[in-house]
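Here is what each chain is made of, one letter per residue.
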Amino acid sequence: MPNIETEFKWDANSPRAFFKVLSAVRQVPATRLAKPRALHICDTYLDTPNHFFEQNKIAFRVRNTDGKWEATFKTRTEVKNGRAVRREETLPMPRVKNLAQALSFLADKKEWGKLPLTELRPLFSLRNKRTSYDVLYNGATAELSLDNFVIYVCGRRVLMKEAELELKQGAPEKLDELARQITRFSGLAYARVSKVKTATALLALWGEK
């Protein structure tokens, strides 16, 4: 059965945005915020020479999280009122130590379901200093991530910040309720586009014509 990812995103590029998000969560009744976890994440997004993933509206990446490597594909969706829902599947890559080994691992596998894994080439990468918190709210569990990241595309760097709230367990309606209250207490606007869509737009703007 496919994993369905449900999350909300806020634009955190304004001053003290992360502080405002955390303060907002603490103001929501019946909410408990766990201790933070610091993560260092590097995502490299890939496609085939004939743009298989782009044509099928799939985002395909390899991720290195503090030395742990995995591949993930997500169906692309529009972010509407800050909310994104999409299919997500992840493939662990044990013993992989770097990007070259990750690409070799995928090439040896050749296919993942109906997805081609040979001749993959990097499009852009995101390096993210993430601080994550587990959030308990009325029987639901969510993960709040404060992302301070850099998009690397076409030899350029773009620095951005974003806050995400992803449902881990419980009813999606509870996540909706929590997100509305965070928005009200923080005063922050929902993000209009995702990190990946931003990077994809920059690739189209700055890439080879």
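Just above, that's the structure.
First, a word on scope: everything that follows refers to the structure included in this document. (Residues numbered from 1 in each chain as written. Predicted model: local features only at pLDDT ≥ 70, side-chain atom pairs only at ≥ 80, totals over all residues. Heavy atoms only, no water.)

The next point concerns the nonpolar core. Counting 25 residues, the largest nonpolar core has Trp10, Val21, Leu144, Leu146, Leu165, Leu178 and Ile182 as the members making the most contacts within it. Of all elements in the fold, only strand E1 (3-11), helix H1 (17-27), strand E9 (121-137), strand E10 (140-153), strand E11 (156-169) and helix H4 (172-186) reach the threshold of two or more residues within this core. Element by element, the count of residues in this core is highest for H1, at six residues. Grouped together as the second largest cluster of nonpolar side chains are 17 residues, Phe60, Val62, Leu115 and Leu117 included. (Core = buried A, V, L, I, M, F, W, Y, C linked by side-chain atoms within 4.5 Å. Buried < 20%, exposed > 50% of the residue type's maximum accessible area, 1.4 Å probe, protein only. Helix = DSSP H or I, 4+ residues; strand = E, 2+ residues; numbered from the N terminus.)

What follows is about the pattern of salt bridges. By the definition in use, this model includes 18 salt bridges. In this structure, the salt-bridge partner of Lys9 is Glu162, at a minimum N-O distance of 3.5 Å. Separated by 153 residues along the polypeptide, Lys9 in strand E1 and Glu162 in strand E11 bring together distant segments of the chain. Across the pair, exposure class does not vary: Lys9 and Glu162 are buried alike. A salt bridge links Asp43 to Arg63, with the nearest nitrogen and oxygen atoms 2.6 Å apart. On the criterion of sequence distance, the pair formed by Asp43 in strand E3 (residues 37-47) and Arg63 in strand E4 (residues 58-65) is long-range, its members being 20 residues apart. A single burial state applies to Asp43 and to Arg63, both of which are buried. Where salt bridges share partners, they join Glu5, Glu7, Lys9, Lys74, Arg86, Arg130, Asp147, Glu162, Glu164 and Lys195 into one cluster. (Salt bridge = Lys/Arg side-chain N within 4 Å of Asp/Glu carboxyl O.)

This paragraph deals with the side chain of Glu7. Along the chain, Glu7 falls in strand E1. Of the polar contacts made by the side chain of Glu7, one reaches the side chain of Arg86; its length is 2.4 Å. When residues no more than four places from it in sequence are discounted, the contact partners of Glu7 are Gly82, Arg83, Ala84, Arg86, Glu164, Leu165, Glu166 and Leu175. (Polar contact = N/O pair within 3.5 Å; in protein donor to acceptor, adjacent residues only side chain to side chain. Contact = heavy atoms within 4.5 Å.)

Attention now goes to H4. Compared with an ideal rise of 1.5 Å per residue, which puts 15 residues at 21 Å, H4 spans 21 Å between its outermost C-alpha atoms and is within 8% of the ideal. Taken together, the buried positions of H4 are occupied by Leu175, Asp176, Leu178, Ala179, Gln181, Ile182, Thr183 and Ser186. Positive backbone phi, approximately 75 degrees, marks Gly187, located one or two places after H4. (Expected span 1.5 Å × (residues − 1).)

The terminal C-alpha atoms of helix H5 (residues 195-206), which comprises twelve residues, lie 16 Å apart, in line with the 16 Å expected from a rise of 1.5 Å per residue. Taken residue by residue, H5 has Lys195, Val196, Thr198, Ala199 and Leu202 as its buried positions. Down the axis, H5 shows its buried residues gathered within 160 degrees of arc, on one side only. Among the exposed residues of H5, those oriented more than 90 degrees off its buried face are Ala204 and Leu205. (Arc of directions from axis to C-beta.)

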